[in-house]
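Fold and geometry: a report
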Amino acid sequence: MFLPSTGLARITKIRFFRELAKALALGSPLKEALHGLLQSRDRKLVGAVLLLEKHLTSSPDALARAMEGCGRLFTPFQIHQVRTGEQGGQLVEALRKLANGAEDSFQVSLSYESKLRFFREMSVCLGAGISYSKVFSIFGEDEDPAFAALSRGLERRLDEGQSLSKALGLMKGAFTPFQVSMVSIGEQSGQVAEILKRLAEAEEHRYRLQKKLQNVLAGPCLTALLVAFVLIVLLPLVVFRAYLDLVSGLNLEEVGLFGWLLKFMRFTQTPYWWGGLLGGAALLVLFFKNALLREQFLRSVLRALSGLPKVRPYVRPLYESGRNWEALLIVTEMFVLHMPGLRGSLGRVWLSFLGSRFAYALGLQLEVGVKFLEALDSSIRATGSPLWNHS
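Residues numbered from 1 in each chain as written. Predicted model: local features only at pLDDT ≥ 70, side-chain atom pairs only at ≥ 80, totals over all residues. Heavy atoms only, no water.

1. A look at the nonpolar core
Counting 41 residues, the largest nonpolar core has Phe118, Met122 and Phe175 as its most contacted members. For this core, the elements supplying multiple residues, two or more each, are α7 (112–127), α8 (132–139), α9 (145–159), α10 (164–170), α11 (177–189), α12 (192–248), α18 (340–367) and α19 (372–382). Examining the composition of this core, we find that seven residues originate from one element, α7, more than from any other. Phe118 has contacts with Phe136, Phe139, Phe147, Leu150, Leu154, Leu168 and Phe175, leaving out every residue within four places of it along the chain. Of all hydrophobic cores here, the second largest spans 29 residues; its members include Phe17, Ala33, Val49 and Leu73. (Core = buried A, V, L, I, M, F, W, Y, C linked by side-chain atoms within 4.5 Å. Buried < 20%, exposed > 50% of the residue type's maximum accessible area, 1.4 Å probe, protein only. Helix = DSSP H or I, 4+ residues; strand = E, 2+ residues; numbered from the N terminus. Contact = heavy atoms within 4.5 Å.)

Quick look at the structure:
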């Protein structure tokens, strides 16, 4: 059995606090409630429960003491909240607050299938006259943890008096601005169920376009990777080594460009070359995994680009805005759309992709009665192109 030694993932903690609170609210003793969690399919959750059972005592603050004995699985704040709840006879409420707090800070990332199912099932339920609270109460018990966490978060925000569109907009990373604005339009016109149905169709359309774009770009990207592999790995290993062996017996004078070329070839045969390649690969992994490092790098790229006269008008405002990742996307789009070698191939494919998304979003909004100028603005945002949004 997997026994975790470091902190639990946030979604696992949400499940732990929520399921334990539910069992205790039904009157189960703490030991039995914990034992019931062993039926979970989450191996990390089961491992955490086994550790808790190992450290469980009969003291008044038994759960807090057990959590302390689990090392770094739980934060001091969580342990303090549980101890306060045990001492005040409000353990169930304390666990619910911890689950809700972890859920509020959880950035939901729905897969294509989950988002499509959300729109479709919401449309069917609302069309059948089922209330929001009932729908999200059902969705909150779903087997998909991200789907369930999203539904419970929406249910709480609706209970606080917020509209559905406002609640959707507050769920970080789950819905696009276009989808939120479309739901808002549906609320104003009384066609929420129909709008959700259309959003499901739009999501399918977007996914098909994305797959087509990926298929089109797969060939050039694979070719670029193969070329890079040949230039960086195969040439030094095979061609350069054989050429150096050939030249070494000819006693040629190493001058000018020929001399520099031979020095470079010899350098590729040293451990420094291969160590540099491994170090570069490690830096790339850190770059994509470490958000702070990535932001600092993008900031330095924008600072350098803002010093070039021809691109300063485009880059300088974006550099000052602090939207680093979006700014780099804009520069990338400019590069693809204006560089002569790419404009005729990748540029045309990219424009076709953006144009299709724009046309579909515009047609969808005009069909449900949105004014043209409002629909135009939303459709531009729906393309997902930062360059179009800033133009």
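Moving on from the model shown.
2. Looking at α12
Under the 1.5 Å per step criterion, the end-to-end length of α12 is 78 Å for 57 residues, consistent within 8% with the ideal 84 Å. The axis of α12 is deflected most strongly, by about 65°, at Leu235, and proline Pro236 appears within four residues downstream. (Expected span 1.5 Å × (residues − 1). Bend = angle between axes of the 7 residues up to and from the residue.)

3. Remarks on α8
Listed as buried for α8 are Val135, Phe136 and Phe139. Down the axis of α8, the sector holding all buried residues measures 90°, keeping them to one side. Elements in contact with the buried residues of α8: α7, α9 and α10. (Arc of directions from axis to C-beta.)

4. Some details on the side chain of Ser123
Relative to the helices and strands, Ser123 resides in helix α7. Beyond its immediate stretch of four places on either side in the chain, Ser123 contacts Ala193, Leu196 and Lys197.

5. Let's talk about the pattern of salt bridges
Counted according to the given criterion, the structure contains six salt bridges. Close ionic contact of Glu19 with Lys22 constitutes a salt bridge, the shortest N to O distance being 3.9 Å. Taken together, the positions of Glu19 and Lys22, both in helix α1 (residues 10–25) and three residues apart, correspond to about one turn of that helix. Residue class for Glu19 comes out partly exposed when judged on its relative accessible area of 30%. (Salt bridge = Lys/Arg side-chain N within 4 Å of Asp/Glu carboxyl O.)

6. Remarks on the packing of α7 against α8
Packing of α7 against α8 leaves a shortest axis separation of 10 Å and a crossing angle of 140°. Between α7 and α8, the angle falls in the class oblique. You can see that α7 and α8 cross each other, and the crossing is right-handed. Facing Phe118, Glu121, Met122, Cys125 and Leu126 of α7, the residues of α8 in contact are Tyr132, Val135, Phe136 and Phe139. (Axes fitted to C-alpha atoms, helices over the stretch in contact; angles between N-to-C directions. Parallel < 35°, antiparallel > 145°, perpendicular 65-115°, else oblique. Left-handed = near helix turned anticlockwise from the far one by under 90°.)

7. What about the confidence of the model for the protein chain?
Averaged over every residue, the pLDDT of the protein chain is 77; the share at 70 or more is 80%. When the elements of the protein chain are averaged for pLDDT, helix α16 (residues 312–321) gives the smallest value, 56, and α7 the largest, 88. Low pLDDT, under 50, characterises residues 320–325; the predicted model gives this stretch 10 contacts beyond four residues in sequence or across chains. (pLDDT = per-residue confidence, 0-100.)

8. Quick word on the packing of aromatic side chains
Taken as a whole, this structure holds 16 aromatic pairs when the rule is applied. Aromatic side chains Phe17 and Phe74 sit 6.2 Å apart centroid to centroid with 50° between the ring planes, which places their arrangement in the tilted category. Placement of the pair is Phe17 in helix α1 and Phe74 in the loop between α4 (62–68) and α5 (76–87), with a sequence separation of 57 residues. Linked through ring pairs, Phe118, Phe119, Tyr132, Phe136, Phe139, Phe147 and Phe175 together constitute an aromatic cluster. Stacked on the ring of Trp260, the Lys or Arg Lys263 has its end atom at 4.8 Å from the ring centre. (Phe/Tyr/Trp six-rings, centres within 6.5 Å; stacked < 30°, edge-to-face > 60°. Lys NZ or Arg CZ within 6 Å of the ring centre and 35° of its normal.)

9. Structural notes on the packing of α8 against α9
Axis separation between α8 and α9 bottoms out at 8 Å; the angle between their running directions is 155°. Judged by the angle between their axes, α8 and α9 are roughly antiparallel. When you trace α8 past α9, the crossing you get is left-handed. Only Phe147, Ala148, Ser151, Leu154, Glu155 and Leu158 of α9 make contact with α8, whose side of the interface consists of Tyr132, Ser133, Phe136, Ser137 and Phe139.

10. Re the environment of Gln81
Within the element layout of this structure, Gln81 appears in helix α5. With 17 residues separating them in the primary sequence, Gln81 and Leu98 have C-alpha atoms 7.9 Å apart. Not counting residues up to four positions away in its chain, the partners in contact with Gln81 are Ala94 and Leu98.

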